[in-house]
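# Architecture at a glance
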Amino acid sequence: MTAAEDFALEGGCACGAVRYRMTDRPIVVHCCHCRWCQRETGSAFVINAMIESDSVAVLKGAPETVLTPSESGKGQRIVRCPDCRVALWSHYAGAGDVLKFLRVGTLDDPDRLPPEIHVFTASKQPWVILPEGVPAFPEYYSRREVWPAESLARARAAKEKAQAS
């Protein structure tokens, strides 16, 4: 068994029309507390697992992409179940199609991917208590200063792939 097979996680939407499998661990798992994510999700934050798009396989259904405004003005493409409308992942302008920001809450076992980093905590809800020992930043941060070398290399390869497309 390969490391990717050891890691495989599955998930899907609320109605079961769309199912997917992650075939590798994420590059990083963020918990974003920005007001935009709060508005978009109707919650206090969103937990996204950043992963290469080719490491996520759709097993069932045909999710649809919805262009959604973003605070940057560049927009994001949110991939949703066409039936129940649950957001499964996003593609942001900077990374194009090569990276997915997979909604951890859509995994069958979301407990396996707790946030590694909390971002935009300056706008977090005041009743949210951040866990000790998990890096937290009032805005964003320098990836070079925080991410392990393997994550940096994977993100760099994805960026190069996006630029070549």
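Going by the structure above, here's the rest.
What this report covers is the structure whose coordinates are included nearby. In this text the structure is predicted, and so the values were computed from the model without any measurement. (Residues numbered from 1 in each chain as written. Predicted model: local features only at pLDDT ≥ 70, side-chain atom pairs only at ≥ 80, totals over all residues. Heavy atoms only, no water.)

Within the secondary structure, His-118 is located in strand β10 (residues 117-119). A polar contact of 2.9 Å, which involves the side chain of His-118, links it to the side chain of His-33. If we skip the residues at most four places from it in the chain, His-118 touches Cys-31, His-33, Leu-130, Pro-131, Val-134, Pro-135, Ala-136 and Phe-137. (Helix = DSSP H or I, 4+ residues; strand = E, 2+ residues; numbered from the N terminus. Polar contact = N/O pair within 3.5 Å; in protein donor to acceptor, adjacent residues only side chain to side chain. Contact = heavy atoms within 4.5 Å.)

Before going further, it helps to examine the pairing of strand β4 (residues 46-52). In terms of burial, β4 is largely enclosed, as 6 of its 7 residues are buried. With 5 bridges joining them, β4 and strand β9 (residues 99-103) adopt antiparallel strand pairing. The residue bridging Asn-48 from the neighbouring strand is Arg-103, located in β9. (Buried < 20%, exposed > 50% of the residue type's maximum accessible area, 1.4 Å probe, protein only. Pairing = 2+ DSSP bridges.)

So, about the sheet that holds strand β1 (residues 9-12). Within the open sheet, the 3 strands sit side by side as β1-β2-β5. Their pairing is antiparallel. On the outer flanks of this sheet lie β1 and β5 (56-60), each paired with one strand and no other. Geometrically, the sheet is characterised by an average inter-axis angle of 30° between neighbouring strands, direction not taken into account. (Axes fitted to C-alpha atoms, helices over the stretch in contact; angles between N-to-C directions.)

Let us look at the sheet that holds strand β6 (residues 64-68). A sheet is described by the order of its strands in space; here 7 strands give the open sequence β6-β7-β8-β9-β4-β3-β10, paired in mixed fashion. Of all strands in the sheet, those with a lone pairing partner are β6 and β10, marking the two edges. Taken over all neighbouring pairs, the strand axes of this sheet differ in orientation by 30° on average, direction set aside. Judged from the 5 bridges that link them, strand β3 (residues 28-32) and β4 form a sheet pairing that is antiparallel. Bridge pairing links Cys-31 to Ile-47 in β4.

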